[in-house]
Amino acid sequence: MNLEKKYHRDTLVIKIAGEFDLVTAEEFRRVVDPELERRQVRNLVINLGGVSFIDSSGLGVIIGRYKKLSQSGGKLWIAAARPPVRKILELSGIQKIIRFYESEKQALEAVREA
Amino acid sequence: MENKIRLEFTGIGENVALARLVIASLAGQLNFTLSDIEELKVAVSEAVSNSIIHAYSAVPSGIVILEAWQDTDSLVIRISDMGKGIADIQKAMEPAYSTEPDRMGLGFVFMQSFMDDLQVDSEPGKGTTVTLVKKISSDAGTFNSSQN
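### Considerations on the interface of chain A and chain B
In step 1: Each partner contributes to the interface: chain A provides 23 residues, whereas chain B provides 23 residues.
In step 2: Ranking the residues of chain A by area buried against chain B places Leu22(A), Phe53(A) and Ser56(A) at the top, with a combined share of 30%.
In step 3: Our count for the chain A to chain B interface comes out at three salt bridges.
In step 4: Of the charged contacts in the structure, one is a salt bridge between Arg20(B) and Asp21(A), with a shortest N-O distance of 3.0 Å.
In step 5: Across the chain A-chain B interface, the total number found is six residue pairs in polar contact (both at pLDDT 80 or more).

Here's what the structure looks like:
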């Protein structure tokens, strides 16, 4: 899995490419958690545009970060999920608590307006 | 001749992708749609991940066995481990039930949603066998034969 991180003010944007499973969920946690703690991140945008596969391990780590951010008053946003990935996200029911956006740009606009 | 595979591998995370790849490749030889293949990959990923995370949580070098064969109009996939087993299968299959933090308890939900049949046999201390059955779509067969 390829994982890129960048900042827009107090928003951390994580762009992932590859398959989001048991192995990559661990890598995601290892990269993202220190950022959330060290930089006191308020908002996390996860760009799933390059993700070709996701299972409950990938979903679990997204929900885990959502819970962490909620505890500190922050928010999590999902951007650019492709149809097969989006199908899994929808089946899991996480769209009830996390909003999906078509692109990273749209997600960042939503963060600014929130 | 009907195809049959059997693969034994160490229960480490890296091999979850290997199991997915093998099943996607086998399903590609049959008349499965791309959407069916995606669903098969998710179900296999969940079953193999369960063996690694739960069955072998205390035994990192445990062996997982992946078997698959065609049974008339279906693909049958069997994932077995010799791990700690599941004491209460019904509880383990409940949506949102998980013994681990950061996990959603959706593994069996995905397997049930995407497969036509799911069977779980388990004995504490002996291991678990998950059998997944996916019907080969008759529509896809028609589509493929019209291409020939």
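There's plenty left to go through after this.
### Overview of the nonpolar core
Across soluble globular proteins, nonpolar side chains have a tendency to be buried as a group.
In step 1: Membership of the largest hydrophobic core comes to 72 residues, with the highest contact counts inside it found for Phe20(A), Leu48(A), Leu89(A), Ile77(B) and Leu132(B).
In step 2: No other element matches helix α2 (residues 34–55) of chain B, which puts nine residues into this core.
In step 3: Those residues within four positions of Leu89(A) in sequence are excluded, and the remaining contacts are Leu48(A), Ile54(A), Leu59(A), Ile78(A), Ala81(A), Ile94(A), Gln95(A) and Phe100(A).

### Observations regarding α2(B)
In step 1: When the terminal C-alpha atoms of α2(B) are compared, their 31 Å separation across 22 residues agrees well with the 32 Å that a helix rising 1.5 Å per residue should span.
In step 2: With 18 of 22 residues buried, α2(B) lies mostly within the body of the structure.

### So, the pattern of salt bridges
Side chains bearing opposite charge may pair, as long as their charged atoms lie close to each other.
All names here are of chain A.
In step 1: One pass over the structure, following the stated rule, counts 19 salt bridges over all chains.
In step 2: For Arg29, the salt bridge goes to Glu26, with nearest N and O atoms at 2.5 Å. Note that Arg29 and Glu26 are positioned in helix α1 (residues 22–38) at a spacing of three residues, about one turn of the helix.
In step 3: Relative accessible area serves as the criterion here: at 22%, Arg29 is assigned to the partly exposed category.

### Thoughts on the sheet that holds strand β1 (residues 4–10) of chain B
Strands pair in a sheet through their backbones, by hydrogen bonds, and they do so in one of two ways: parallel or antiparallel.
Residues and elements named next belong to chain B.
In step 1: With antiparallel pairing, the five strands of this open sheet are ordered in space as β1-β2-β3-β5-β4. Every other strand in the sheet has two partners, leaving β1 and β4 (117–123) as the edge strands with one partner each. Direction aside, the axes of adjacent strands within the sheet are offset by 10° on average.
In step 2: As paired elements, strand β3 (residues 74–81) and strand β5 (residues 127–135) share eight bridges and run antiparallel to each other. Each residue of the ladder has a partner; that of Asp81, found in β5, is Thr128.
In step 3: Contacts from helix α1 (residues 14–29) reach β1, β2 (63–71) and β3 within the one sheet, and its direction differs from that of β1 by about 175°.

Calculation notes
- Residues numbered from 1 in each chain as written.
- Chains lettered and ligands numbered in written order.
- Predicted model: local features only at pLDDT ≥ 70, side-chain atom pairs only at ≥ 80, totals over all residues.
- Heavy atoms only, no water.
- Contact = heavy atoms within 4.5 Å.
- Buried area = accessible area lost by both parts, 1.4 Å probe.
- Salt bridge = Lys/Arg side-chain N within 4 Å of Asp/Glu carboxyl O.
- Polar contact = N/O pair within 3.5 Å; in protein donor to acceptor, adjacent residues only side chain to side chain.
- Core = buried A, V, L, I, M, F, W, Y, C linked by side-chain atoms within 4.5 Å.
- Buried < 20%, exposed > 50% of the residue type's maximum accessible area, 1.4 Å probe, protein only.
- Helix = DSSP H or I, 4+ residues; strand = E, 2+ residues; numbered from the N terminus.
- Expected span 1.5 Å × (residues − 1).
- Pairing = 2+ DSSP bridges.
- Axes fitted to C-alpha atoms, helices over the stretch in contact; angles between N-to-C directions.

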